[in-house]
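Listed here are the chains, written in short residue letters.
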Amino acid sequence: ETGVTQTPRHLVMGMTNKKSLKCEQHLGHNAMYWYKQSAKKPLELMFVYSLEERVENNSVPSRFSPECPNSSHLFLHLHTLQPEDSALYLCASSQGGTGATEAFFGQGTRLTVV
Amino acid sequence: RKEVEQDPGPFNVPEGATVAFNCTYSNSASQSFFWYRQDCRKEPKLLMSVYSSGNEDGRFTAQLNRASQYISLLIRDSKLSDSATYLCVVSPVFSGGYNKLIFGAGTRLAVHP
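What comes next concerns the included structure. Model, not experiment: these values are computed from the prediction. (Residues numbered from 1 in each chain as written. Chains lettered and ligands numbered in written order. Predicted model: local features only at pLDDT ≥ 70, side-chain atom pairs only at ≥ 80, totals over all residues. Heavy atoms only, no water.)

### Observations concerning the overall build of chain B
Cut-off, in case you're wondering: Secondary structure elements follow DSSP: runs of H or I of four or more residues count as helices, runs of E of two or more count as strands, with numbering from the N terminus. Only protein chains enter the accessibility calculation, which uses a 1.4 Å probe; a residue is then buried when its area is under 20% of its type maximum, exposed when over 50%, and partly exposed in between. Throughout, the Shrake-Rupley method with a 1.4 Å probe supplies accessible areas, and for residues the shown protein chains are the sole cover considered.
Check the secondary structure of chain B and you find zero helices and 11 strands. Counted from the first residue to the last, chain B has its helices and strands arranged as β-β-β-β-β-β-β-β-β-β-β. C-alpha extents for chain B along the principal axes are approximately 45 × 30 × 25 Å. Burial statistics for chain B: of 113 residues in total, 48% are counted as buried. A total of about 5300 Å² of accessible surface is found on chain B, and carbon and sulfur atoms cover 48% of it.

### Side note on the interface of chain A and chain B
Frequently, the measure chosen for interface size is the accessible area removed from exposure when the parts meet. Basically, it comes down to this: Two residues qualify as a contact provided that any one of their heavy atoms is within 4.5 Å of a heavy atom in the partner residue. Each of two parts loses accessible area, computed with a 1.4 Å probe, when they are put together; buried area is these two losses added. By definition, a salt bridge exists where a carboxyl oxygen of Asp or Glu is found within 4 Å of a side-chain nitrogen of Lys or Arg. Any pair of N or O atoms that falls within 3.5 Å is considered a polar contact. Within protein, one atom must be able to donate a hydrogen and the other to accept it, and sequence-neighbouring residues count only if both atoms are side-chain atoms.
Each partner contributes residues to the interface: chain A has 28 residues there, and chain B has 19 residues. Summed over both sides, the interface between chain A and chain B buries roughly 2000 Å², with carbon and sulfur atoms accounting for 55% of that surface. Counting across the chain A and chain B interface gives zero salt bridges. Joining chain A to chain B, the criterion identifies three residue pairs in polar contact (both at pLDDT 80 or more). When contributions to the side of chain A that touches chain B are tallied by element, the ones reaching two or more residues are β4 (31–37), β5 (44–50), β6 (53–57) and β9 (87–94) of chain A. By residue number, the principal contributor to the side of chain A that touches chain B is β4(A), which donates four residues.

### A few points about the sheet that holds strand β1 (residues 4–7) of chain A
Strand-to-strand pairing in sheets goes through backbone hydrogen bonds, with the strands running parallel or antiparallel. All names here are of chain A. We count it as follows: A pair of strands is treated as paired once DSSP finds two or more bridges between them. The angle between two axes is taken between their N-to-C directions and runs from 0 to 180 degrees, where each axis is a line fitted to C-alpha atoms and a helix contributes only its stretch in contact.
Spatial ordering of the open sheet is given by β1-β3-β8-β7, a layout of four strands whose pairing is antiparallel. This sheet does not close on itself; its edge strands, each paired only once, are β1 and β7 (64–70). Across the sheet, the axes of successive neighbouring strands diverge by a mean angle of 20°, strand direction being ignored. Across seven bridges, the pairing between strand β3 (residues 18–25) and strand β8 (residues 73–79) is antiparallel.

Shown next, in the form of structure tokens:
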């Protein structure tokens, strides 16, 4: 079983749909992240949860709504998206401590908004 | 100015070649540095951390120059399996409890027979 699993792997949705991306980590980490990766652009940090509290929200539009019900699960709820939101959405987790440590990524959800 | 800048490449090299990637970062207070590798349509994975004294892992050598805010990755004796995108990653002053990883856009490497 991989450390960080994301579902679905691929998603096509219309602009009026509501969908959710799911992430689960099996590593016992205490921090989880959502990143967006668009073609030819760097990974953009969207949200950070540390100990189930949202600690970062990097000016992400409200049509993206994260949820962290416990330390192992992270969701990204999507509604009324735009075509420019099409991208690879990556979930990651890490173990917070006294310094920056490795982040482990899920395989991502490739989202297409039509 | 971008927070982390990399030459996008692609670098096309023959097997056995030595190739070097460079990266610059804008935040002089950055504390932690990494190279990640991302294969086509896959997730990024940690290749190695970068320490002030420089560090080596097999064919891979990473260097950090804090004064110039510059990080490098050297790959010796390139293999076909080294073909991937190499991401330079910087973490600012530790924020307590979690990492704020800032990614460069990546440098693409293609190793050919």
